[in-house]
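What follows is each chain in one-letter form.
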Amino acid sequence: MSMSETPPRSRRRAAPEEAQQTRKEDALMVNSVEKAFRVLSAFGRQHQTLSLSQVASETGMDISSAQRFTHTLNKLGYLRKDAQTKRFELTARTLDLGYHFVRSSRLVDRAMPYLMHLSKETEETINLTVRDGTEIIFVSRFLSRNVLNTDVIIGTRMPVYCTAPGIAMLSRLPEDEAMAVIDASDLKPYTASTVWQRDALREKIRQAAAQGYATAFEEVYLSDASIAAPILDHRGQPEAAVNIAVSCSRYSREEVVSRFSSLVVATAHAVSRI
């Protein structure tokens, strides 16, 4: 998407009591692995560095447990500890997991030539996203020369309900499943144009299902317009979405649809496995 502001931090971490309940329900769960990832997930744009006590607070651990896990992750090279401030931060090694996903993903590999073609044909920003619960995740991105801000990068998360890729993917689910995702979301308006009320979202999902694509105009960021179509797996289930993002200052809503709807739908169809 062509962005003009800092992306929202929509990721919701599981509360300690939820994680405890999950462990009780799954006898195969390795608690130490879950805790290690909980520590890594505590860091982000709003928490670039954390003290030991802050790690404990963010993860729901006691100080002793937080100390053991931060020490281990530091020794493994995933955390760095400042010798003077004693604060922790992520290292570049944490990029390895994302790198291995991108290099091994059959979806990304299959979509890449079509995304490149769409990027060259439109000269606009092209994104490939997947859904993770109530959020979409950017897994591939081709920037336009017209983009002024590059805050959105591979790995960025955004809410499903107020993004064109999110609505496009929900539109290919049974309606009760799509609305279950909506009901699990933290619905709120990011701008005056955000569609966030339940009935309005149901209608938007139905409209996207009927026309084969979804749109979002300034729903998260001012001046941002997006049009997306779902990519389907071999069972006809939404696997991902491709979207074209442009600036509202360059295209009207009507022009976005008339110029790009057939292109984004054709690209999504070409990547789909049905």
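Keep in mind the model is a prediction, meaning the values are calculated, not measured. (Residues numbered from 1 in each chain as written. Predicted model: local features only at pLDDT ≥ 70, side-chain atom pairs only at ≥ 80, totals over all residues. Heavy atoms only, no water.)

### Section: the packing of aromatic side chains
Then comes step 1: A complete count under the given rule lists 1 aromatic pair for this structure.
Then comes step 2: Pairing Y251 with F260 gives two aromatic rings, centres 5.3 Å apart and planes at 75 degrees, and the pair type is edge-to-face.
Then comes step 3: Given the relative accessible area of 2%, F260 is considered buried.
Then comes step 4: In this arrangement the basic side chain of R93 is found over the ring face of Y78, its NZ or CZ atom lying 6.0 Å from the centre. (Phe/Tyr/Trp six-rings, centres within 6.5 Å; stacked < 30°, edge-to-face > 60°. Buried < 20%, exposed > 50% of the residue type's maximum accessible area, 1.4 Å probe, protein only. Lys NZ or Arg CZ within 6 Å of the ring centre and 35° of its normal.)

### Looking at the pairing of strand β8 (residues 238–247)
Then comes step 1: Burial analysis of β8 places 8 of its 10 residues in the buried class, the great majority of the element.
Then comes step 2: Pairing geometry for strand β3 (residues 125–132) and β8, over 5 bridges, is antiparallel. When the sheet's bridge partners are listed, T125 is paired in β8 with A245.
Then comes step 3: Linking strand β7 (residues 224–232) to β8, which pair antiparallel, is a turn of 5 residues; within it G236 sits at a positive phi near 85 degrees. (Helix = DSSP H or I, 4+ residues; strand = E, 2+ residues; numbered from the N terminus. Pairing = 2+ DSSP bridges.)

### Some details on the pattern of salt bridges
Then comes step 1: As enumerated under the stated definition, the model contains 14 salt bridges in all.
Then comes step 2: One salt bridge in this structure joins R157 and D132, with 2.9 Å as the shortest N-O distance. Residue R157 is located in strand β5 (residues 157–159), and its partner D132 is located in strand β3; the two are separated by 25 residues in the primary sequence.
Then comes step 3: Here E175 and R206 are joined by a salt bridge, their closest N and O atoms 2.8 Å apart. Residue E175 is located in helix α8 (residues 175–184), and its partner R206 is located in helix α9 (residues 198–211); the two are separated by 31 residues in the primary sequence.
Then comes step 4: Three or more residues joined by partner-sharing salt bridges are found here, namely R110, E239 and R273. (Salt bridge = Lys/Arg side-chain N within 4 Å of Asp/Glu carboxyl O.)

### Side note on the environment of G212
Then comes step 1: Within the secondary structure layout, G212 lies in the loop between α9 and β6 (214–217).
Then comes step 2: Note on G212: relative accessible area 29%, which makes it partly exposed.
Then comes step 3: Along the primary structure G212 and P230 are separated by 18 residues, whereas in three dimensions their C-alpha atoms are 7.9 Å apart.
Then comes step 4: Contacts of G212, omitting those with residues within four sequence positions, involve A229, P230 and V265. (Contact = heavy atoms within 4.5 Å.)

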